[in-house]
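Chain by chain, the residues run as shown.
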Amino acid sequence: MRLFRAAFISTAVLLSTALGGCATAGIGAKIPSVQALRETPPVNALVTDDAADDPAIWVAPDVLKSRIIGTQKKGGIFVYDLNAALVQEAPGGLPNNVDLKDGFPFADGVGAIVSASDRSDHSMPIWKLRPDGTLDPKPRARIPSGFAEIYGFCMGRIGDQFYAVATSKIGEVGLWKLTPSSDGAAGTLVKKWSLGSISEGCVVDEHAEAFYVSQELVGLWRFDMKALGEPVSVDRVAPQGNLAPDVEGVTLWDGGEGAGYLIVSAQGENRFAVYDRKGGAYRGSFQIGAGAAQGVDGVSGTDGLDVTSVPLGADFPRGLVVVQDDENTDPVQPQNFKYVSWADVEKALGLTEPVR
């Protein structure tokens, strides 16, 4: 979201959780910048306001044929290649956040499952990704959220069990088990929580069996998928913490064996906060500037983002970060998505081997 809102925080949640060991550090310091290397075409020449929102990265067996799936929340799903060229447009619905997981046992064969938070009917539509990284345009199924207005969405896989997490405009958080059905997939609600105010971005940490949710005017929360208790605060917005409203997209760079980094969009300050996946220590923030040699403008006001740690060719040797750009300025065009090398982020923040 681009507009700040009055926040109402659930008293019960605040009393039952404790702020993690992530002390405020260096927010006033100069924030390093990395270059945007590539950018997609604008999501739609006819949509000049808030439209692009959230990407998801699919790593293909031939990694150079990997795909980025992005939402145009006024009416469709877009698929891009690693050169940021448009591969497919699948119109329909009002998809906000999108995510995917490989290896889902569809009735017609195993494949990657793709789903999103669709505000046209507040459901989670289900697609199967084709081997070439494109979608069947029509969803195979729709899982109702029960929310008055669904907002954020992410998926995870723990062993053979697939999960979906969705958030709402009033701070509801839901966890579902996903299972194959004759027409695609079905969802069984595990539990719902309430944070008390607007929440959106989320990511599942499959190794830890936990997931993280951003509460836009409050901070970042961790939910235990085994204990299913109350969420625990990871970080807060300043002055109590290292974040800034609106707190938006959340993603995870997987370093293996539970190591890696969480990346969170601090939209109001045009920066991205980075934390150790294990322990939650704040490692600093980075911004995304213009890639002068590539003719790509910088990034501001990011909603959604995704990252992979898989090397995707010479330009992305340590993985790829894809972010939504709220203001596509050079030239002035509707919103799009920008590509950044994770190796550049590591260098900018002095990240070496992640905590294990």
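Description of the structure in this document. Since we're looking at a predicted model, the values are computed, not measured. (Residues numbered from 1 in each chain as written. Predicted model: local features only at pLDDT ≥ 70, side-chain atom pairs only at ≥ 80, totals over all residues. Heavy atoms only, no water.)

## Focus: the overall build of the protein
In terms of regular secondary structure, the protein is built from two helices and 27 strands. Against the globule reference of 21 Å for 356 residues, the protein gives a C-alpha radius of gyration of 18 Å, in line with a compact fold. Oriented by its inertia axes, the alpha-carbon framework of the protein measures out at about 50 × 50 × 40 Å. Within the protein, the proportion of its 356 residues that are buried is 57%. Put simply, 54% of the contacts in the protein that link residues at least 6 apart link residues at least 24 apart. On the protein, roughly 13,300 Å² of surface is accessible, and the fraction owed to carbon and sulfur atoms is 54%. Separation of charge centres in the protein, based on 31 positive and 44 negative side chains, amounts to 3 Å. (Helix = DSSP H or I, 4+ residues; strand = E, 2+ residues; numbered from the N terminus. Rg over C-alpha atoms; globule rule 2.2 N^0.38 Å. Buried < 20%, exposed > 50% of the residue type's maximum accessible area, 1.4 Å probe, protein only. Contact = heavy atoms within 4.5 Å. Areas by Shrake-Rupley, 256 points an atom, 1.4 Å probe, with all protein chains shown as cover. Lys, Arg positive; Asp, Glu negative; His and termini not counted. Charge placed at Lys NZ, Arg CZ, Asp CG, Glu CD.)

## Observations regarding the state of the cysteines
Scanning the entire structure with this criterion turns up one disulfide. Each sulfur of the disulfide joining Cys154 and Cys202 lies 2.3 Å from the other. A torsion of -125° about the S-S bond marks the disulfide between Cys154 and Cys202 as left-handed. Within this pair, whereas Cys154 is found in strand S11 (residues 150–158), its partner Cys202 is found in strand S15 (residues 199–205), the two being separated by 48 residues in sequence. The residues Cys154 and Cys202 share a single accessibility class, namely buried. (Disulfide = S-S within 2.5 Å.)

## Let's talk about the layout of surface pockets
The rolling of a water-molecule-sized probe over the atoms marks out the regions of remaining empty space. The volume enclosed by the largest pocket comes to roughly 710 Å³. Of all elements in the fold, only strand S3 (52–58), strand S7 (95–106), S11, S15, strand S19 (247–256) and strand S23 (305–308) reach the threshold of two or more residues within the lining of the largest pocket. If one sorts the elements of the lining of the largest pocket by residue count, S19 sits on top with seven residues. Split by residue class, the lining of the largest pocket holds 19 nonpolar, eight polar and 12 charged. (1 Å grid on protein atoms, 1.4 Å probe; cavity = no way out; pocket = protein on both sides within 12 Å on 5 of 7 lines; lining within 4 Å. Points joined across faces, edges and corners; volume = space filled by probe spheres on them. Nonpolar A, V, L, I, M, F, W, Y, C, P; charged D, E, K, R; others polar.)

## Notes on the sheet that holds S23
Judged by pairing direction, the sheet is antiparallel, and its four strands sit side by side in the order S2-S27-S24-S23 without closing on themselves. Two strands bound the open sheet, and with one partner strand each, they are strand S2 (38–39) and S23. By the bridge criterion, four bridges tie S23 to strand S24 (residues 320–325) in an arrangement that is antiparallel. Paired with Leu305 across the strands is Val323, a residue of S24. Contacting S23, S24 and strand S27 (336–341), helix H2 (residues 342–349) crosses the sheet at an angle of about 65° to S27. (Pairing = 2+ DSSP bridges. Axes fitted to C-alpha atoms, helices over the stretch in contact; angles between N-to-C directions.)

## Some details on the packing of aromatic side chains
The geometry of an aromatic ring pair is captured by two quantities: the separation of the ring centres and the angle between the planes. Throughout the structure, instances matching the rule amount to 13 aromatic pairs. Seen from their ring centres, Tyr261 and Trp342 are 6.0 Å apart, and the 40° between their planes marks the pair as tilted. One end of the pair, Tyr261, is in strand S20 (residues 259–266); the other, Trp342, is in helix H2, and 81 residues separate them in sequence. Ring centres of Phe272 and Phe286 lie 5.2 Å apart, and the angle between their planes is 25°; on these two criteria the pair is classed as stacked. Here the residue Phe272 occupies a position in strand S21 (residues 271–276), and Phe286 occupies one in strand S22 (residues 282–289), the gap between them amounting to 14 residues. Taking relative accessible area as the criterion, Phe286 reaches 1% and is therefore assigned buried. An aromatic cluster of at least three residues, connected via ring pairs, comprises Phe78, Tyr80 and Phe337. (Phe/Tyr/Trp six-rings, centres within 6.5 Å; stacked < 30°, edge-to-face > 60°.)

## Observations concerning the nonpolar core
Counting 20 residues, the largest nonpolar core has Ile263, Phe272, Phe286, Ile288 and Trp342 as the members making the most contacts within it. Counting residues per element, the ones that place at least two in this core are S20, S21, S22, S23, S24 and H2. In terms of residues, this core owes the most to one element, H2, which gives three residues. Residues contacting Ile263, with those up to four places away along its chain left out, are Gly249, Val250, Thr251, Trp253, Phe272, Ala273, Val274, Phe286, Leu305, Val307 and Trp342. With 17 residues, the next largest nonpolar core counts Ile126, Ile150, Met155 and Phe162 among its residues. (Core = buried A, V, L, I, M, F, W, Y, C linked by side-chain atoms within 4.5 Å.)

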